[in-house]
Amino acid sequence: MQAFVLKAYGGPESTGLTQVLLPEPAPRQLLVRVRAAGLNPVDFKTRRGDLRLVQRYRLPVVLGNELAGEVVACGGQVQRFRVGDRVFARVAKSTMGAFARFAVVEDDHAAVMPASLDFATAAAMPLAGLTALQALRDELRVTNGQRIFISGGAGGVGTFAIQIAKHLGAQVATTASPQGEALVRQLGADTVVDYTKESPDKVLSGFDGAFDLVGGHALEQAFAMVRPGATVLSIAGMPEPQTASKDLGRGMGLQALFWVASFPLRRRARQHGVHYRYLFMHPSGKDLSELGRLVDAGALKVIVDSVYPFERIAEAMSRLEAGHAKGKIVVTMPDGSE
Ligand SMILES: NC(=O)c1ccc[n+]([C@@H]2O[C@H](COP(=O)([O-])OP(=O)(O)OC[C@H]3O[C@@H](n4cnc5c(N)ncnc54)[C@H](OP(=O)(O)O)[C@@H]3O)[C@@H](O)[C@H]2O)c1
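(A) Layout of the packing of helix 9 (residues 251–261) against helix 10 (residues 263–272). The geometry of helix 9 relative to helix 10 is characterised by a closest axis approach of 4 Å and an angle of 50 degrees between their N-to-C directions. Regarding the angle of helix 9 to helix 10, the classification is oblique. In contact with Trp259, Val260 and Ala261 of helix 9, helix 10 contributes Phe263, Pro264 and Arg266. Across the contact of helix 9 with helix 10, the residue classes tally to five nonpolar, no polar and one charged.

Right, here's the structure in full:
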């Protein structure tokens, strides 16, 4: 079958469309005919080798972390799904494999697609949607009436995060360029700072929590924007030791490394009397079903920046890597099984 494969860590030239063997589902896996797959920054970060310390792959490997499609076979122990089901999923981090005509998915990472969505829109949801839900509901524990700051509101995760924070009852402030402002306001952002002209920490303060999607200087600014005792949660900064040991758990060496690497951020947080946490999203079919219910109820819109045919996935990847997508970029598969 045709797949988009990483042959060696490096630039775009180290990837390509090529023929690989059809994967076989293990007892707790589904074999899915992929109809569409979503792109995420983790795809090009993996290609560049940026994440080798936390996730190693034996190359060549099929890239791609989320998909929507039809179940064509089930492993012997699968009970919740049947052949023909329309499903969407974040595939296992340890294997990837969504950029292919067929992919295997752990049964507990998958959910039945929202009835109101087509494959391209459903494929845009799993990774960014789960990240936003788990960050706001489980880590920041957003409650009614709170004020929440979200940096980088116009991208894949941000467009979900603004809506979920609003759904949880928060007032939301975010940053966007002039090209993203109308979109984030339409999604419910109450306050928007144009980050190309103004530093948000100069004009905003006193938030009950901050969700950082940008990292770097934007993350450092967030420490001054939350009230004492509040949490700044990042998905783009440096994992702190607690999260590193929970999610990476690879012995003292790696933990010591993250202790040192995250020290400047933890010190900055301490100086402001606030907490710093990092989140690795967790694949979850249960949480995906929850997102699907929100979509079917009209409480959550999926914002798709652009849809490319699978043959043009390199172009789609280069648009994502430029860093200015508004919502999600998706590739769709041609009909037929090759
Ligand atoms: N830890 C995890 O589990 C996890 C999960 C998901 C994502 N992530 C990470 O989270 C980050 C965001 O992911 P994503 O999918 O949302 O990325 P994305 O879709 O590529 O984000 C693009 C958006 O970011 C905006 N942007 C860029 N620089 C900005 C800045 N300085 N301030 C405000 N907005 C800015 C851009 O707006 P303009 O074009 O208008 O400038 C664009 O709309 C990535 O680093 C990704 O790897 C981590």
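(B) Examining the environment of glutamate 13 more closely. Among the structural elements, glutamate 13 can be located in the loop between strand 1 (2–6) and strand 2 (15–19). Separated by 301 residues in the primary sequence, glutamate 13 and alanine 314 place their C-alpha atoms 9.3 Å from one another.

(C) Just the domain arrangement of the protein, in detail. Split into domains, the protein comes out as domain 1 (2–125 + 302–332) and domain 2 (128–278). For domain 1 versus domain 2, the separation of C-alpha centres amounts to 26 Å. With 14 residues of domain 1 in contact, the opposing surface of domain 2 contributes 17 residues. Roughly 1,100 Å² of surface becomes buried between domain 1 and domain 2 when both sides are summed, with 66% attributable to carbon and sulfur atoms. For the interface between domain 1 and domain 2, the tally reads zero salt bridges. The interface formed by domain 1 and domain 2 includes two residue pairs in polar contact (both at pLDDT 80 or more). Classifying every residue of the side of domain 1 that touches domain 2 gives seven nonpolar, three polar and four charged.

(D) Molecular detail of the sheet that holds strand 11 (residues 191–194). Strand order in the open sheet formed by six strands is 11-10-9-12-13-14, and the pairing between neighbours is parallel. The open sheet has two edge strands, strand 11 and strand 14 (275–278), and neither has a second partner. The sheet shows a mean angle of 20 degrees between the axes of neighbouring strands, direction not considered. With four bridges connecting them, strand 13 (residues 226–234) and strand 14 associate as parallel partners. Counted as the bridge partner of valine 232 is tyrosine 276 from strand 14. With respect to the sheet, helix 4 (residues 156–167) is in contact with strand 9 (147–150), strand 10 (171–176) and strand 12 (207–212), its orientation differing from that of strand 10 by roughly 165 degrees.

(E) Region of interest: the pairing of strand 16 (residues 328–332). The element strand 16 is largely enclosed, with a buried count of four among its five residues. The sheet contact formed by strand 3 (residues 29–38) and strand 16 spans three bridges and is antiparallel. Residue alanine 37 lies in a different strand from strand 16, and its bridge partner there is valine 331. Bridge count for strand 15 (residues 304–309) against strand 16 is five bridges, and the pairing is parallel. Counted as the bridge partner of valine 307 is valine 330 from strand 16. Following the chain from strand 15 across helix 12 (residues 313–321) to the adjacent parallel strand 16, one finds a crossover that is right-handed.

(F) Quick look at the site of the ligand. The local shell around the ligand holds 24 residues, among which Lys45, Ser177, Tyr195, His324 and Ala325 are the closest. At 2.2 Å, a side-chain N or O of tyrosine 195 approaches an oxygen atom of the ligand. A distance of 2.7 Å separates an oxygen atom of the ligand from a polar side-chain atom of lysine 326. Protein chains shield 84% of the accessible area of the ligand, which is 940 Å² for the free molecule. Residue assignment for the shell around the ligand shows that the elements contributing at least two residues are helix 1 (41–48), helix 3 (126–139) and helix 4. Considering only residue class, the shell around the ligand consists of 14 nonpolar, eight polar and two charged. Shared between two domains, the shell around the ligand takes at least three residues from each, and those domains are domain 1 (2–125 + 302–332) and domain 2 (128–278).

Conventions and cut-offs
- Residues numbered from 1 in each chain as written.
- Predicted model: local features only at pLDDT ≥ 70, side-chain atom pairs only at ≥ 80, totals over all residues.
- Heavy atoms only, no water.
- Axes fitted to C-alpha atoms, helices over the stretch in contact; angles between N-to-C directions.
- Helix = DSSP H or I, 4+ residues; strand = E, 2+ residues; numbered from the N terminus.
- Parallel < 35°, antiparallel > 145°, perpendicular 65-115°, else oblique.
- Contact = heavy atoms within 4.5 Å.
- Nonpolar A, V, L, I, M, F, W, Y, C, P; charged D, E, K, R; others polar.
- Domains from an automatic or database assignment.
- Buried area = accessible area lost by both parts, 1.4 Å probe.
- Salt bridge = Lys/Arg side-chain N within 4 Å of Asp/Glu carboxyl O.
- Polar contact = N/O pair within 3.5 Å; in protein donor to acceptor, adjacent residues only side chain to side chain.
- Pairing = 2+ DSSP bridges.
- Buried < 20%, exposed > 50% of the residue type's maximum accessible area, 1.4 Å probe, protein only.
- Right-handed = clockwise from strand over helix to strand, strands pointing away.
- Near = heavy atom within 4 Å.
- Areas by Shrake-Rupley, 256 points an atom, 1.4 Å probe, with all protein chains shown as cover.

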